Amino acid sequence: MLQRELTLTNRRGLHARAATRLVQCCQPWNARVTVYHGERSADAANIMSLLMLAAPCTSVLTVTVEGDDAEQTMQAIVELFEARFYEDH
C-alpha cells in the first residue's frame, strides 16, 4: 500500500469537476484508491463519496493506493494534484 499527503491547491477544492477528474484519473488502473480528509474517507471510484469529504482549497488529503498498479496510480494522482486538476489557468 502506498500513502501520500497531498494539498488541494485549485481554487474550488474538491468540488464536482475536480472529483470527476479524480475518478477518471483512477479508472484505467488496477488499484483501489481511498482519500481521507480529517475523520472522513472516500472511495475515489465514487464521485458522491468524494464530494462528501467537503474539502476546500488548501485542504490536506491523505491518499492511499492498493493494488497491482499502485505506483502508476499514485503517480497519476500526484500529477493531477500538481496540475491543480487542470482548472486554474
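Procedures and definitions
Residues numbered from 1 in each chain as written. Predicted model: local features only at pLDDT ≥ 70, side-chain atom pairs only at ≥ 80, totals over all residues. Heavy atoms only, no water. UniProt positions renumbered as here; feature names shortened; annotations may be inferred. Helix = DSSP H or I, 4+ residues; strand = E, 2+ residues; numbered from the N terminus. Buried < 20%, exposed > 50% of the residue type's maximum accessible area, 1.4 Å probe, protein only. Polar contact = N/O pair within 3.5 Å; in protein donor to acceptor, adjacent residues only side chain to side chain. Pairing = 2+ DSSP bridges. Axes fitted to C-alpha atoms, helices over the stretch in contact; angles between N-to-C directions. Contact = heavy atoms within 4.5 Å.

- As recorded by an unreviewed UniProt entry, the chain carries the name HPr family phosphocarrier protein and is attributed to Kushneria aurantia.
- Regarding the chain, the relevant UniProt record gives this comment under Sequence similarities (unreviewed entry): "Belongs to the HPr family."
- Looking at the Subcellular location (unreviewed entry) heading of the UniProt record, one finds this comment for the chain: "Cytoplasm".

**Re the side chain of Asn 10**
Next, step 1: Among the structural elements, Asn 10 can be located in the loop between strand 1 (2-7) and helix 1 (16-26).
Next, step 2: With a relative accessible area of 0%, Asn 10 lands in the buried category.
Next, step 3: Within the structure, Asn 10 has its side chain in polar contact with the backbone oxygen of Gly 13 (distance 2.9 Å).

**Examining the sheet that holds strand 4 (residues 60-66)**
Next, step 1: Pairing is antiparallel across the open sheet formed by 4 strands, whose spatial order is 1-4-2-3. For this open sheet the edge positions go to strand 1 and strand 3 (40-43), each flanked by a neighbour on one side alone. The average angle at which neighbouring strand axes cross in this sheet is 25 degrees, direction not considered.
Next, step 2: Contacts between helix 3 (residues 70-82) and the sheet are confined to strand 1, strand 2 (32-37) and strand 4, with strand 1 contributing the most and set at about 5 degrees to the helix.

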